[in-house]
Amino acid sequence: MCVGFILAAFCGNIALRLQINEVNSQINSVKGAIAELDSEKTCLEVEMQRRISYSNLELKASELGMTKPEKENVVYIRVNDKDAARIADGTVVAPASKEDFKIKRNWKCFVDISKDDGLTFEHSNFVLRPKKNAIPVNMIQPTLWESDEGLHMLVRTSRGSLYRSDSRDGGKSWCKAYETPLSNPNSGVDVVKMDNGCLVLIMNPVSENWGDRAPLVLMSSFDNGKTFTEFFKCEKLAGDYEFSYPAIVADKNALHITYTYERKTIAYQKVEVSFE
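Parameters at a glance
- Residues numbered from 1 in each chain as written.
- Predicted model: local features only at pLDDT ≥ 70, side-chain atom pairs only at ≥ 80, totals over all residues.
- Heavy atoms only, no water.
- Pairing = 2+ DSSP bridges.
- Helix = DSSP H or I, 4+ residues; strand = E, 2+ residues; numbered from the N terminus.
- pLDDT = per-residue confidence, 0-100.
- Contact = heavy atoms within 4.5 Å.
- Core = buried A, V, L, I, M, F, W, Y, C linked by side-chain atoms within 4.5 Å.
- Buried < 20%, exposed > 50% of the residue type's maximum accessible area, 1.4 Å probe, protein only.
- Phe/Tyr/Trp six-rings, centres within 6.5 Å; stacked < 30°, edge-to-face > 60°.

*Asks:* Any chance you could explain the pairing of strand S18 (residues 265–272) here in plain terms?
*Replies:* Along any regular strand, the residues point their side chains to alternate faces of the sheet. Direction of pairing for strand S17 (residues 254–261) relative to S18: antiparallel, over a ladder of eight bridges. Among the inter-strand pairings, threonine 260 is bridged to a residue of S18, identified as isoleucine 266. Here S17 hands over to S18 after three residues, with glutamate 262 in that stretch at a positive phi of 55°.

This is the structure we're talking about:
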């Protein structure tokens, strides 16, 4: 009887193992089917991407009789909507710049002005560009602030430093831009005015044209932008890194900051400040 019991248990174990093997086989079969579906899904996604690819769009545009202009005939207008400002008299002023490839690196700044809350805009004059080594300084991507003295802008340039221009008539006309002591590796900057009148500038303190866009620092000014002092490093790494195209807004004593992190993601920081 004992032998029969052992034999029955042994046979039961074999049957259980066979069932487990069958279940595992079914699981592997399902996994294989899922993998095949994933592969087909990937193929479909690739095909969809191919169908809506840029070259395919160009072909479709050509079939419709549309033609693509050469790059040297393209004019880019960059508008910094974050910096669109409502100044004291209610006028909306939006900083912008023009990149004209008909003339190599012909970069110029201006603002758009609206007296009807953004329904229509009037183009200001272009900011007059000084010459350095007999060549006009290229400048784009202005950032604005207002003071009792009028409107002011800091601009990115190709000359290793930030330039500035000022307006006494609400942005309609601007003085010839002039160089500041602030370094600039031909990268975007942003400035915000806090409730206490302090200006906070976010920038890459590098003076080489097309230089490294790292580190990324905050600078403060209490004399309407005549001088700035570094007080915080958003990114301490220096060298071959990129922390660029920053945007900054102030909410009481809090600074909310975003910027491109290595051209892969968008970084966000909140910095609490207290200026005595």
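There is more to say, and it comes next.
*Asks:* Looking at this model, I keep getting lost on the confidence of the model for the protein chain. Mind explaining?
*Replies:* A low pLDDT means the predicted coordinates there should not be read in detail. Of the residues in the protein chain, 72% reach a pLDDT of 70 or more, and the chain-wide mean stands at 83. Across residues 46–54, where pLDDT falls below 50, the model places four contacts with residues more than four positions away in sequence or in other chains.

*Asks:* Would you explain the nonpolar core in this entry?
*Replies:* If you look at the biggest cluster of nonpolar residues, it comprises 17 residues, and the most contacted ones within it are Val200, Ile202, Leu218, Ile248, Leu255 and Ile257. For this core, the secondary-structure elements that each account for two or more residues are strand S13 (199–203), strand S14 (216–221), strand S16 (243–251), S17 and S18. Apart from the residues lying within four places of it in its own chain, the contact partners of valine 200 are Asp190, Val191, Val192, Met194, Leu218, Met219, Phe231, Ile248, Leu255 and Phe275. Ranked by size, the runner-up nonpolar core spans 15 residues in total, among them Cys109, Val127, Leu144 and Met153.

*Asks:* Sorry, what's going on with the packing of aromatic side chains here?
*Replies:* Describing an aromatic ring pair means giving the distance of the ring centres and the angle of the ring planes. Applying the stated criterion across every chain yields a total of four aromatic pairs. Judged by centre distance (6.4 Å) and plane angle (85°), the rings of tryptophan 107 and tryptophan 210 are edge-to-face. Of this pair, tryptophan 107 sits in strand S4 (residues 106–114) while tryptophan 210 sits in the loop between S13 and S14, placing them 103 residues apart in sequence. Assessed through its relative accessible area of 3%, tryptophan 107 is described here as buried. Seen in terms of ring centroids, tyrosine 241 and phenylalanine 243 are 6.3 Å apart; in terms of plane orientation they differ by 5°. Their pairing is stacked. Exposure remark for tyrosine 241: the relative accessible area of 34% places this residue in the partly exposed category. Its relative accessible area of 1% is what places phenylalanine 243 among the buried residues. Taken together, the ring pairs in this structure connect Tyr241, Phe243 and Tyr261 into an aromatic cluster.

*Asks:* Whenever I open this one, unusual backbone geometry confuses me. Can you help?
*Replies:* Most of the time, phi is negative for any residue but glycine, and the peptide bond is trans. Cis geometry is adopted by the peptide bond preceding proline 215, which originates at alanine 214 and carries an omega value of 0°. With respect to the element layout, proline 215 can be found in the loop between S13 and S14. Even without being glycine, asparagine 133 reaches a positive phi, approximately 55°. In this structure, asparagine 133 sits in the loop between strand S6 (131–132) and strand S7 (135–136). Judged by relative accessible area, which is 69%, asparagine 133 ranks as exposed. One non-glycine residue with positive phi stands out, namely asparagine 186, at about 65°. As for its placement among the helices and strands, asparagine 186 is situated in the loop between strand S11 (178–183) and strand S12 (190–193).

*Asks:* Honestly, the environment of phenylalanine 232 in this entry has me stumped. Any pointers?
*Replies:* Position of phenylalanine 232 among the secondary structure elements: in strand S15 (residues 229–235). Taking relative accessible area as the criterion, phenylalanine 232 reaches 31% and is therefore assigned partly exposed. As a C-alpha pair, phenylalanine 232 and valine 217 span 15 residues in sequence and 5.8 Å in three-dimensional space.

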